[in-house]
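Chain and residue survey
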Amino acid sequence: MDMRLVLASGSQRRRELLTMCGYDFDIVVSDADESITETDPEKLVSALALRKASEVYSRLHGENMDDELVVVGSDTVVSFDGCIIGKPKDERDAVRILTMLSGKTHHVYTGVAVITAEQVQIECDVTEVTFKELSESEIEAYVASGEPMDKAGAYGIQGSFGMFVERIAGNYFTVIGMPLPRLYRMLKSVGVLPKNFQNTPTL
């Protein structure tokens, strides 16, 4: 039986990361309710990653398929000074968030869930990110670009905002939205490998 890998996310960044690694996968956007009262960032992203993957797995599992289903869900938040920061509500909120994070160090948490018929895996990775001091004009120009509006913490480290990131401690891809070393290990454990590695006996 072949494996069918499904990404339970409409995130362009997560799609690009899985494609970059060489995975063959389908995209099915989760309809899961993402409202949650959890205040611990690690528990929050782990719970939402599982909720997203579970919703898609349950929906697809009822289909008449010949392939074994493997569903990946993920969620990312920023944590600063005891507060969880998700995506900005509007441009004003994006300015507020970036002003708050300017010149400071925050943490980015990304949770990953992998669901198959045999098991459920849930892991979380955290990376520390430090910004340079941002001027009011730099913040306003970046927000006006529209780039921060769909991103936790109101910035994308892989975009133009990268020039304002002084340093990171941890995995770069966790900040983008998918800790690739963890994902690789989780998928490998259930028999899913990137296409370039599928016939390599030493893995």
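Remember, predicted model here, so these are calculated numbers, not experimental data.

Definitions and limits used
Residues numbered from 1 in each chain as written. Predicted model: local features only at pLDDT ≥ 70, side-chain atom pairs only at ≥ 80, totals over all residues. Heavy atoms only, no water. Salt bridge = Lys/Arg side-chain N within 4 Å of Asp/Glu carboxyl O. Helix = DSSP H or I, 4+ residues; strand = E, 2+ residues; numbered from the N terminus. Buried < 20%, exposed > 50% of the residue type's maximum accessible area, 1.4 Å probe, protein only. Contact = heavy atoms within 4.5 Å. Arc of directions from axis to C-beta.

1. Some details on the pattern of salt bridges
Throughout the structure, instances matching the rule amount to twelve salt bridges. As a salt-bridge pair, Arg59 and Glu55 come within 2.8 Å of each other at their nearest N and O atoms. Highlighted residues: Arg59 and Glu55, both in helix α2 (residues 41-61), separated by four residues, approximately one helical turn. Taking relative accessible area as the criterion, Arg59 reaches 35% and is therefore assigned partly exposed. Glu123 is the salt-bridge partner of Arg185, the closest N and O atoms lying 2.9 Å from each other. Of this pair, Arg185 sits in helix α6 (residues 180-189) while Glu123 is found in strand β6 (residues 120-131), placing the two residues 62 residues apart along the sequence.

2. With respect to the environment of Pro179
Following the sequence through the fold, Pro179 ends up in the loop between α5 (172-176) and α6. Sequence spacing of Pro179 and Val77 is 102 residues, and the spatial spacing of their C-alpha atoms is 13 Å. The contacts of Pro179, once residues within four sequence positions are left out, are Thr110, Val112, Asp125, Asn171, Phe173 and Thr174.

3. Focus: helix α4 (residues 136-144)
Listed as buried for α4 are Ile139, Tyr142 and Val143. All buried residues of α4 lie within an arc of 100 degrees about the axis, which places them on one face of the element. Away from its buried face, by an angle of more than 90 degrees, α4 presents the exposed residues Ser137, Ala141 and Ala144. Directly beyond the C-terminal end of α4, a positive phi value near 85 degrees is found at Gly146.

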